[in-house]
Amino acid sequence: MEKKKISRQQVYTLVVQIGRKEGDGLPKDATGAALMIYASGIDEAEAVRETVAILKQADTAPLDVTGYGTIAEREAEGHEIETEERELMQRALEENSVIVAQMTPFFGDEDNTVH
């Protein structure tokens, strides 16, 4: 009997700040954007590498990535995680993918630092 391979993949929550690049799909007056992303990986470093590679392929200009950990790490820090967010995380895990859950454009009049 063949043993089922146990996946070591986990899903990480990342916020990626992107700058402007021709063909990036951001609103005309935007100076950049923040993307909330769920990315699968064996560790957070792999999730970040895969995310940056995919964003570059999608004609965006990733500038900075902030990791917020796995769902368990976020829960341990007291984050409330809604059902819709859990479903997107599960999809990222099942599909071994990178999912952009939210995009917030910047228009140059806000503080672009992620807190």
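One structure accompanies this document, and this report is about it. (Residues numbered from 1 in each chain as written. Predicted model: local features only at pLDDT ≥ 70, side-chain atom pairs only at ≥ 80, totals over all residues. Heavy atoms only, no water.)

### Points about helix α1 (residues 44–57)
Phase 1 of the analysis: In this model α1 runs 20 Å from its N-terminal to its C-terminal C-alpha over 14 residues, within 8% of the 20 Å that 1.5 Å per residue would give.
Phase 2 of the analysis: Residues of α1 that are buried: Ala47, Thr51 and Leu55. Buried residues along α1 cover an arc of 60° about the axis, so they all sit on one side. Among the exposed residues of α1, those oriented more than 90 degrees off its buried face are Arg49, Lys56 and Gln57.
Phase 3 of the analysis: Residues of α1 that are buried make contact with β1 (10–19), β2 (32–41), β3 (61–70) and β4 (98–106).
Phase 4 of the analysis: Between the side-chain oxygen at the start of α1 and the backbone nitrogen of Ala45 there is a gap of 3.3 Å, and the oxygen is on Asp43.
Phase 5 of the analysis: Looking one or two residues beyond α1, the residue adopting positive phi is Asp59, at roughly 60°. (Helix = DSSP H or I, 4+ residues; strand = E, 2+ residues; numbered from the N terminus. Expected span 1.5 Å × (residues − 1). Buried < 20%, exposed > 50% of the residue type's maximum accessible area, 1.4 Å probe, protein only. Arc of directions from axis to C-beta. Contact = heavy atoms within 4.5 Å. Polar contact = N/O pair within 3.5 Å; in protein donor to acceptor, adjacent residues only side chain to side chain.)

### Points about the sheet that holds β1
Phase 1 of the analysis: Judged by pairing direction, the sheet is antiparallel, and its four strands sit side by side in the order β3-β1-β2-β4 without closing on themselves. With one partner strand each, in any of the chains shown, β3 and β4 form the two edges of the open sheet. Neighbour-to-neighbour, the strand axes of the sheet open up by a mean angle of 20°, direction not taken into account.
Phase 2 of the analysis: Bridge analysis of β1 against β2 gives nine bridges, and the strand direction is antiparallel. Pairing of Tyr12 across the sheet is with Ala39, part of β2. (Pairing = 2+ DSSP bridges. Axes fitted to C-alpha atoms, helices over the stretch in contact; angles between N-to-C directions.)

### As for helix α3 (residues 83–95)
Phase 1 of the analysis: Its 13 residues place the ends of α3 18 Å apart at the C-alpha level, agreeing with the 18 Å of an ideal helix rising 1.5 Å per residue.
Phase 2 of the analysis: Burial in α3 covers these residues: Glu85, Leu88, Met89 and Ala92. Buried positions in α3, seen along its axis, are confined to an arc of 100° and lie on one side of it. Along α3, the residues that are exposed and aim more than 90 degrees away from the buried face are Thr83, Glu84, Glu87 and Glu94.
Phase 3 of the analysis: At its buried positions, α3 is contacted by β1, β2, α2 (71–76) and β4.

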